[in-house]
Amino acid sequence: MVNRFETALRKLGRRGPTVPESAEIARLNAELDRLRAEVDELRVDSRRIAELYDLVFERLRAEAGEREER
């Protein structure tokens, strides 16, 4: 989705430097910034989920090892 916005911005930008930034370009830039922030937030969440997943399986392995020692 981000690539679609970047492509649209490039097309609008090719109209030439004499064209002032239109409301559409400003809107697309704002939307692109919002989407990038959302993707960054999802990456952080994904990393945290992976860390929790690793902790759960580490604890399960430790508990299984304790049971085998008994």
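Predicted model, so just to flag it, every value in this text is computed and none were measured. Think of each chain on its own: its residues are numbered from 1, step by step along the sequence as written. Only residues with pLDDT of at least 70 are given local features in this predicted model, and only at 80 or more are side-chain atom pairs given and counted; all residues enter the totals for whole chains, interfaces and linings. Side-chain measures here rest on the full set of heavy atoms in the structure, leaving out hydrogens and waters.

J.: Whenever I open this one, the pattern of salt bridges confuses me. Can you help?
T.: Note that side chains of opposite charge can pair when their charged atoms are close. We define a salt bridge as a side-chain nitrogen of Lys or Arg found within 4 Å of a carboxyl oxygen belonging to Asp or Glu. One pass over the structure, following the stated rule, counts five salt bridges. Where Arg48 meets Glu51, a salt bridge forms, and the shortest distance between an N and an O atom there is 3.1 Å. A residue pair is termed a helical-turn pair when its members lie 3 or 4 positions apart in one helix, as Arg48 and Glu51 do in helix 2 (residues 23–69) at three residues. Through salt bridges with shared partners, a single network forms among Glu31, Arg34 and Glu38. Helical segments are the DSSP runs of H or I of at least four residues, strand segments are the runs of E of at least two, and each set is numbered from the N terminus.

J.: Looking at this model, I keep getting lost on helix 2. Mind explaining?
T.: Note on helix geometry: an α-helix contains 3.6 residues per turn, so any two residues three or four positions apart are oriented the same way. Spanning 47 residues, helix 2 covers 69 Å between terminal C-alpha atoms, matching the ideal 69 Å at 1.5 Å per step. Among the residues making up helix 2, those that are buried are Ile25, Leu28, Leu32 and Leu35. Here, expected helix span is obtained from the residue count minus one, scaled by 1.5 Å. Each residue is assigned to one of three classes by its accessible area relative to the maximum for its type, calculated with a 1.4 Å probe on protein chains only: buried under 20%, partly exposed between the two thresholds, exposed over 50%.

J.: Quick question: what am I supposed to make of a negative patch on the surface here?
T.: Two distance rules govern patches: like charges are joined within 9 Å, and nonpolar side chains (Val, Leu, Ile, Met, Phe, Trp, Tyr) within 5 Å, applied only to residues with over 30% relative accessible area and no salt bridge. To measure how exposed things are, a 1.4 Å probe is used in the Shrake-Rupley method; for residues, cover is taken only from the protein chains shown. Positive charges come from Lys and Arg alone, negative charges from Asp and Glu alone, with His and the N- and C-terminal ends not counted. In plain terms, the charge of a residue is placed at NZ if it is Lys, CZ if Arg, CG if Asp and CD if Glu. A cluster of acidic residues, Glu63, Glu66, Glu68 and Glu69, forms a negative patch on the protein surface. Along the chain, Glu63 turns up in helix 2.

J.: Honestly, the packing of aromatic side chains in this entry has me stumped. Any pointers?
T.: Ring pairs (aromatic) are described by centroid distance and by the angle formed between their planes. Think of it this way: a Phe, Tyr or Trp ring, Trp meaning its six-membered ring, pairs with another when their centres are within 6.5 Å, and the plane angle makes it stacked under 30 degrees, edge-to-face over 60, tilted otherwise. In total, this model carries one aromatic pair according to the counting rule given. Judged by centre distance (4.6 Å) and plane angle (45 degrees), the rings of Tyr53 and Phe57 are tilted. Of the two residues, Tyr53 and Phe57 are both situated in helix 2; the distance of four residues between them amounts to about one turn of the helix.

J.: Before we go on, may I ask you to explain the nonpolar core in this structure?
T.: Soluble globular proteins tend to pack their nonpolar side chains together in the buried interior. Listed in full, the seven residues of the largest apolar core are Phe5, Leu9, Leu12, Ile25, Leu28, Leu32 and Leu35. For this core, the elements supplying multiple residues, two or more each, are helix 1 (2–13) and helix 2. No other element matches helix 2, which puts four residues into this core. Grouping buried Ala, Val, Leu, Ile, Met, Phe, Trp, Tyr and Cys residues that are joined through side-chain atoms within 4.5 Å yields what is termed a nonpolar core.

J.: Explanation requested: a nonpolar patch on the surface in the structure shown.
T.: Residues Tyr53, Val56, Phe57 and Leu60 make up a contiguous nonpolar surface patch of roughly 380 Å² in combined accessible area. Note on placement: Val56 falls in helix 2.

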